[in-house]
Amino acid sequence: MIDEIALVKDLQNNSSKEVAFRTLITNYKERLYWHIRKIVINHADTDDVLQNTFIKIYYNIESFNKQSKLYSWMYRIATNEAITFINKRAKEQHIDITTYYKKVANSLQSDVYFNGDEIQLILQKAIALLPEKQRLVFNMKYFDGMKYDEISEILETTVGGLKASYHHAVKKIEHFIKNNTD
Amino acid sequence: MNKESLHSEQFIEQKVNKKQPFSVPKGYFENFDNTIYKKTKEQNLPKTSALKVSDTYFKNLEDRIISKLPKNKKTLKVVRFKKYVLNTIPFAAAAAILLFIGITTNNFKNNSGIDLDSLTESDFEYWLETNPINTNDIAIVLNQNILDETPFYFTQIEDEIIEEFVNTNNNSFLINELDE
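Here's what I pulled together on the structure shown here.

Basis of the calculations
Residues numbered from 1 in each chain as written. Chains lettered and ligands numbered in written order. Predicted model: local features only at pLDDT ≥ 70, side-chain atom pairs only at ≥ 80, totals over all residues. Helix = DSSP H or I, 4+ residues; strand = E, 2+ residues; numbered from the N terminus. Buried ≥ 20, exposed ≤ 12 C-beta atoms within 10 Å, placed from the backbone. Contact = placed C-beta atoms within 7 Å. Axes fitted to C-alpha atoms, helices over the stretch in contact; angles between N-to-C directions. Parallel < 35°, antiparallel > 145°, perpendicular 65-115°, else oblique. Left-handed = near helix turned anticlockwise from the far one by under 90°. Nonpolar A, V, L, I, M, F, W, Y, C, P; charged D, E, K, R; others polar. Expected span 1.5 Å × (residues − 1). Bend = angle between axes of the 7 residues up to and from the residue. Core = buried A, V, L, I, M, F, W, Y, C linked by C-beta atoms within 7 Å.

### Quick look at the overall build of chain A
Moving on, step 1. Secondary structure summary: chain A contains 9 helices and 0 strands in total.
Moving on, step 2. The secondary structure elements of chain A, listed N-terminal to C-terminal, are α-α-α-α-α-α-α-α-α.
Moving on, step 3. Across the 182 residues in chain A, those meeting the buried criterion constitute 31%.
Moving on, step 4. Within chain A, residue pairs in contact and separated by at least 24 positions form 59% of the contacts whose partners lie at least 6 positions apart.

In structure tokens, the structure reads:
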């Protein structure tokens, strides 16, 4: 388990910043990658967002408030970067975000970095139809097994609100799967 | 609500396993550290240029430039932005700008005597920055007989006037349109 307090101290010290930054990347790259990947779906886009996230972390570490957890702070940056990215992509294509997600989910079948079977494809299509907050909560809770407290700190939303979002999300997904399978 | 959520969650788990359906290119995570490290290194490069000029370069630079200007040439007319806008866009569209600025800025909140002359150039610039003129918007406010109501009689514009307009105005937008 990484000592976050010591790592932050090293990151905020110019003489140890580079070594500490390498440690930070090594420890968090995969977790942040998969978090971003579930939001932006495509590998190449995820790579862009992940790089931007780490660069933002590198340049903003001085302003990191030690009251919150480093892990939550980085997740928040990654989430914001990913959402900004997809909004920008949708805007570039002159489509709304729901249409953009549907498009991305429909292109998964031909994605070489998608190994899912038919039912997993249906699940991804169901997730694509969810509103943003529900989509985020579902991915973080269902796939990553995160606790509501952790999600609350990252998304800066109340636990009650998150529970309601998750409830609506699973109901909608259940309904979608039932309607799209035998 | 929790029970219901749990029930739906179990249904999804039964139907779809939690196995990650996404994959990454081979060696992606192994090489990621170096990619990002390189990027931060690039951004750490000094932003100031190492290029230098001689100490005397900027001395008398104004005189050197002015001495190269052509003598006895016809002075180019500078068309003021506000005048350009007023001459270029139809009166109906100008009225729309006036209405917009009147509604959205505090400057005119208590001023009932708004006219085009009371607008500053920055008002126009602000309006154009925040509301790029959309052809549809213009079409809505344009009357069909707008050409009869405005001083635009294109057939009467002489070549010399067009040439002067092209020479004195930023015409890059015309080139862009041609490219399209």
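### Things to note about the overall build of chain B
Moving on, step 1. The number of helices and strands found in chain B is 10 helices and 0 strands.
Moving on, step 2. Helices (α) and strands (β) of chain B occur, in sequence order from the N terminus, as α-α-α-α-α-α-α-α-α-α.
Moving on, step 3. Across the 180 residues in chain B, those meeting the buried criterion constitute 6%.
Moving on, step 4. Put simply, of all contacts in chain B between residues at least 6 apart along the chain, 74% involve residues at least 24 apart.

### Describing unusual backbone geometry
Residue and element names in this part refer to chain A.
Moving on, step 1. Backbone geometry at His-94 places phi at a positive 55 degrees, although glycine is not the residue there.
Moving on, step 2. Residue classification places His-94 among the exposed residues on the basis of 7 C-beta atoms within 10 Å.
Moving on, step 3. In this structure, Glu-156 takes a positive phi of about 55 degrees despite not being glycine.
Moving on, step 4. Checked against the element boundaries, Glu-156 lands in the loop between α8 (148-155) and α9 (159-180).
Moving on, step 5. What makes Glu-156 exposed here is the crowd of 10 C-beta atoms within 10 Å.

### Details of the packing of helix α6 (residues 118-128) of chain A against α9(A)
All names here are of chain A.
Moving on, step 1. At their nearest, the axes of α6 and α9 sit 9 Å apart, and the two run at 135 degrees to each other. With respect to α9, the axis of α6 lies oblique. When the axes of α6 and α9 are compared, the crossing they make is right-handed. Counted together, Ile-122, Leu-123, Ala-126 and Ile-127 of α6 and Lys-172, Ile-173, Phe-176, Ile-177 and Asn-180 of α9 form the full contact between these two elements.
Moving on, step 2. Residue classes in the contact of α6 with α9 are distributed as 7 nonpolar, 1 polar and 1 charged.

### Side note on helix α2 (residues 17-40) of chain A
Residue and element names in this part refer to chain A.
Moving on, step 1. Helix length check: α2 (24 residues) gives 30 Å between terminal C-alpha atoms against 34 Å at 1.5 Å per residue, more than 12% under.
Moving on, step 2. Maximal helix bending in α2 amounts to about 50 degrees, located at Tyr-28.
Moving on, step 3. Inspection of α2 places Phe-21, Leu-24, Ile-25, Tyr-28, Leu-32, Tyr-33, His-35, Ile-36, Arg-37, Lys-38, Ile-39 and Val-40 among the buried residues, and these make up the whole buried set.
Moving on, step 4. Backbone geometry just downstream of α2 places Ile-41 in the positive-phi region, at approximately 70 degrees.

### So, the environment of B:Ser5
Moving on, step 1. Tracing the backbone through its elements, the reader meets B:Ser5 in helix α1 (residues 2-15).
Moving on, step 2. Residue classification places B:Ser5 among the partly exposed residues on the basis of 19 C-beta atoms within 10 Å.
Moving on, step 3. Here B:Ser5 is in contact with A:Tyr166, A:His167 and A:Val170, once residues within four sequence places are set aside.

### Quick look at the interface of chain A and chain B
Moving on, step 1. Contacts between chain A and chain B engage 28 residues on the former and 24 residues on the latter.
Moving on, step 2. Elements supplying a minimum of two residues to the side of chain A that touches chain B: α2, α3 (43-60), α6, α7 (132-143) and α9 of chain A.
Moving on, step 3. At 7 residues, the largest contribution of residues to the side of chain A that touches chain B is made by α9(A).
Moving on, step 4. Here the residues of the side of chain A that touches chain B are counted per class, giving 14 nonpolar, 8 polar and 6 charged.

### A few points about the environment of A:His35
Moving on, step 1. With respect to the helices and strands, the residue A:His35 is situated in helix α2.
Moving on, step 2. Apart from residues lying up to four places away in sequence, A:His35 is in contact with A:Tyr75 and A:Ala78.

### Regarding the nonpolar core
Residue and element names in this part refer to chain A.
Moving on, step 1. Ranked by size, the top nonpolar core spans 47 residues in total, and within it Ile-36, Val-137 and Ile-173 carry the most contacts.
Moving on, step 2. Looking at this core, the element that brings in the most residues is α2, giving 9 residues.
Moving on, step 3. Each residue touching Val-137, except ones within four places of it in the same chain, is listed here: Ile-151, Leu-162, Ser-165, Tyr-166 and Ala-169.

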